[in-house]
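Each chain is listed here by its residues.
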Amino acid sequence: MAAGALIACASQPAHAQDAGPAVDSRSSPAGEYVHSEMELVAGILLREDGTFEYGFTVGSLDERASGRWKVVDRRIELTSDPRPVAPTVTADRTDLTPGQPFGFRVLGPDGRDVPGVDFRVEFDHGDPVEGYTPGDSWFPPQDQRRSVRFISFSMPSYRLKSERLPLEARDGRTAIFKLTPNDFGVADLTGSFADLEGPTLTLHRPEGTMEFRRRGKD
């Protein structure tokens, strides 16, 4: 599944001003809430001490989060603690690869290629080329006659968004970029909130909304 499918299986655009049903302040929202469908499994645990744990799995995408929650204006507000640091991609080095056309690779800390990273290659003129890393060197089309100028990388589901990096394409050279995971796979739920109506908790995030059902409740 594409990295951009963070909550696409059960999502709609979320807007704070369109808050749903309010939290009933007479009963504690603390409890375990779950969501399950096909390959998608998610859950959120609100503890009585004001902390929470969150997990989400769909296909090859896994994320988790933890932090604090509180009821504000009759809705549940979440704060990740500590705030996770998003992964980064930065220029590393240029390897000599005689006899090969220009290419680039994205490597992880273990020196292995990282597949599935979205990229955007810009040229001296015309439209950019977009794609994702294949898990090896990427080469421009053989009929490409334009000069490469910049490249940028992103993985929206993991909050990865690189700067616009200069790139000089010369045959016999491979540009190496380094992916630093930081808190890869840890979601930042700061600013997210939830509405609770009966046993149904609706989590609102910038990526969309998802409904959870309280475990053990009818």
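The rules behind these values
- Residues numbered from 1 in each chain as written.
- Predicted model: local features only at pLDDT ≥ 70, side-chain atom pairs only at ≥ 80, totals over all residues.
- Heavy atoms only, no water.
- Helix = DSSP H or I, 4+ residues; strand = E, 2+ residues; numbered from the N terminus.
- Buried < 20%, exposed > 50% of the residue type's maximum accessible area, 1.4 Å probe, protein only.
- Contact = heavy atoms within 4.5 Å.
- Areas by Shrake-Rupley, 256 points an atom, 1.4 Å probe, with all protein chains shown as cover.
- Pairing = 2+ DSSP bridges.
- Axes fitted to C-alpha atoms, helices over the stretch in contact; angles between N-to-C directions.
- Salt bridge = Lys/Arg side-chain N within 4 Å of Asp/Glu carboxyl O.
- Core = buried A, V, L, I, M, F, W, Y, C linked by side-chain atoms within 4.5 Å.

**Student:** Lay out the overall build of the protein with the relevant residues and their values.
**Tutor:** When helices and strands are tallied, the protein shows zero helices and 16 strands. Residues classed as buried in the protein amount to 40% of the 218 residues present. Counting only contacts in the protein whose residues sit at least 6 apart along the sequence, the fraction spanning at least 24 positions is 60%. Per element, the accessible surface of the protein, about 12,300 Å² overall, is 47% carbon and sulfur.

**Student:** Just give me the short version of the sheet that holds strand E7 (residues 103–107), but keep the residues and values in it.
**Tutor:** Spatial ordering of the open sheet is given by E6-E13-E7, a layout of three strands whose pairing is mixed. Of all the strands in the sheet, the pair left with one neighbour each is strand E6 (88–96) and E7. Strand-to-strand twist across the sheet, computed as the mean angle between neighbouring axes with direction ignored, equals 25°. Strand direction decides the pairing type here: E6 and strand E13 (residues 173–180), joined by eight bridges, are antiparallel. Across the sheet, the residue bridging to Thr 94 is Ala 175, located in E13.

**Student:** An account of the sheet that holds strand E1 (residues 31–37) is requested, with residue identities and associated values reported.
**Tutor:** Spatial strand order, E1-E2-E3-E4-E5-E14-E15-E16: eight strands in a closed barrel with antiparallel pairing. Along the sheet, successive strands turn relative to each other by an average axial angle of 30°, direction set aside. Summarising the sheet, strand E2 (residues 40–46) and strand E3 (residues 51–58) pair through six bridges and their orientation is antiparallel. Within E3, the position partnered with Gly 43 by the bridge is Gly 55.

**Student:** Please give an account of the pattern of salt bridges that cites residues and values.
**Tutor:** Tallying each qualifying case throughout the model produces 13 salt bridges. For the salt bridge of Arg 83 with Asp 188, the shortest nitrogen-to-oxygen distance reads 2.8 Å. Here the residue Arg 83 occupies a position in the loop between strand E5 (75–80) and E6, and Asp 188 occupies one in the loop between E13 and strand E14 (193–197), the gap between them amounting to 105 residues. Overlapping salt bridges bring together Glu 63, Arg 205 and Glu 207 as one network.

**Student:** For the nonpolar core, give the residues involved together with the corresponding values.
**Tutor:** If you look at the biggest cluster of nonpolar residues, it comprises 44 residues, and the most contacted ones within it are Phe 153, Phe 177 and Leu 201. Sequence-distant contacts of Phe 177, that is, excluding residues within four places in its chain, are made with Val 89, Thr 90, Ala 91, Asp 92, Phe 104, Arg 105, Val 106, Leu 107, Ile 151, Phe 153, Leu 165 and Leu 167.

Interpretation in functional terms is not warranted from these geometric data alone.
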